[in-house]
Amino acid sequence: MRQFATEAITAAAVAAGLPESAVMVEPDKDGITLPPRRVEISYLAEQYTYTGRPIRKTRTEGKESTHRTLTREKQSVRLPVRAVVRADDEAWLKDFSRRFIAALPKRMTDEDGNTVTVTVEKAEYGGFTTKQVEVFKKRSKSFHVAFTGMTVTEKEISLIKSVDINPSYREAGNEEEN
């Protein structure tokens, strides 16, 4: 899920106007070698919740007429990610942040075809200080983005092809005997 989150955030940053090389996963230190305008991605702890709900039923390949495959969600997986946008210009940061959030997808599908929802939960500003003269301006906006996916299990079930009905009934007029 981390690779999936990194790709989604990178695609949104590129769509908002930042080069792909300016999106990085947790750089070791802040220095002059890093681009002044960049997005830094950091991952928080994944959270798993047991659900057990059915997702879909599809035909089993090779056994289309006799079997179906039932896909069931075993656990819901939530990966919180912090995407910090660093900049040296307040106006650029404000404009980029708006375009970045608009470019993030609401839903995507992972490599297994399962839906992953993307929600921006909150944003925090950093680096906005007093009105003193600043030589090196460092502004940032930290977005807390949650990626929610699932782990699934598949079970092959056979179809009921024929039913034999054995009726049991009483004849009319024998009701008084019982």
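Residues numbered from 1 in each chain as written. Predicted model: local features only at pLDDT ≥ 70, side-chain atom pairs only at ≥ 80, totals over all residues. Heavy atoms only, no water.

Focus: the side chain of Arg 139
- Within the fold, Arg 139 resides in strand β8 (residues 139-158).
- Residue classification places Arg 139 among the buried residues on the basis of a relative accessible area of 6%.
- One polar contact links Arg 139 to Glu 90, side chain to side chain, over a distance of 3.1 Å. (Helix = DSSP H or I, 4+ residues; strand = E, 2+ residues; numbered from the N terminus. Buried < 20%, exposed > 50% of the residue type's maximum accessible area, 1.4 Å probe, protein only. Polar contact = N/O pair within 3.5 Å; in protein donor to acceptor, adjacent residues only side chain to side chain.)

Overview of the confidence of the model for the protein chain
- Scored by pLDDT, the protein chain has a mean of 86; 89% of the residues are at 70 or more.
- Within the protein chain, strand β3 (residues 47-50) carries the highest mean pLDDT (94), whereas strand β4 (residues 54-59) carries the lowest (87). (pLDDT = per-residue confidence, 0-100.)

Some points on the packing of aromatic side chains
- Enumeration over the complete set of coordinates arrives at 3 aromatic pairs.
- Taking the centre distance of 5.8 Å and the plane angle of 15° together, the rings of Phe 96 and Phe 100 count as stacked. Taken together, the residues span about one helical turn, with Phe 96 and Phe 100 both in helix α2 (residues 90-103) at a distance of 4 residues.
- Classification of Phe 96 by relative accessible area gives buried; the value is 0%. (Phe/Tyr/Trp six-rings, centres within 6.5 Å; stacked < 30°, edge-to-face > 60°.)

Some words on a negative patch on the surface
- Together, Glu 7, Glu 111, Asp 112 and Glu 154 give the surface a local cluster of negative charge.
- With respect to the helices and strands, Glu 7 occurs in helix α1 (residues 2-15).
- Here Glu 7 falls in the partly exposed class, since its relative accessible area comes to 45%. (Patch = residues over 30% accessible without salt bridge, like charges linked within 9 Å, V, L, I, M, F, W, Y side chains within 5 Å. Areas by Shrake-Rupley, 256 points an atom, 1.4 Å probe, with all protein chains shown as cover. Salt bridge = Lys/Arg side-chain N within 4 Å of Asp/Glu carboxyl O. Lys, Arg positive; Asp, Glu negative; His and termini not counted. Charge placed at Lys NZ, Arg CZ, Asp CG, Glu CD.)

A look at the packing of α1 against α2
- Following both chains from N to C, one finds α1 and α2 inclined at 130°, their axes separated by 8 Å at the closest point. Here α1 is positioned oblique relative to α2, judged by the angle of their axes. As α1 packs across α2, the resulting crossing turns out to be right-handed. Only Phe 96, Phe 100 and Ala 103 of α2 make contact with α1, whose side of the interface consists of Ile 9, Ala 12, Ala 13 and Ala 15.
- Along the lines of polarity and charge, the residues of the contact of α1 with α2 split into 7 nonpolar, no polar and no charged. (Axes fitted to C-alpha atoms, helices over the stretch in contact; angles between N-to-C directions. Parallel < 35°, antiparallel > 145°, perpendicular 65-115°, else oblique. Left-handed = near helix turned anticlockwise from the far one by under 90°. Contact = heavy atoms within 4.5 Å. Nonpolar A, V, L, I, M, F, W, Y, C, P; charged D, E, K, R; others polar.)

Quick notes on the side chain of Thr 6
- Within the secondary structure layout, Thr 6 lies in helix α1.
- By relative accessible area, Thr 6 is classed as buried at 17%.
- In this structure, Thr 6 is in contact with Val 25, Ile 41 and Tyr 43, ignoring residues within four places of it in sequence.

With respect to α1
- Taking 1.5 Å per residue as the helical rise, α1 with its 14 residues ought to reach 20 Å, and the 20 Å between its terminal C-alpha atoms agrees with that figure.
- The set of residues buried in α1 consists of Phe 4, Ala 5, Thr 6, Ala 8, Ile 9, Thr 10, Ala 12 and Ala 13. (Expected span 1.5 Å × (residues − 1).)

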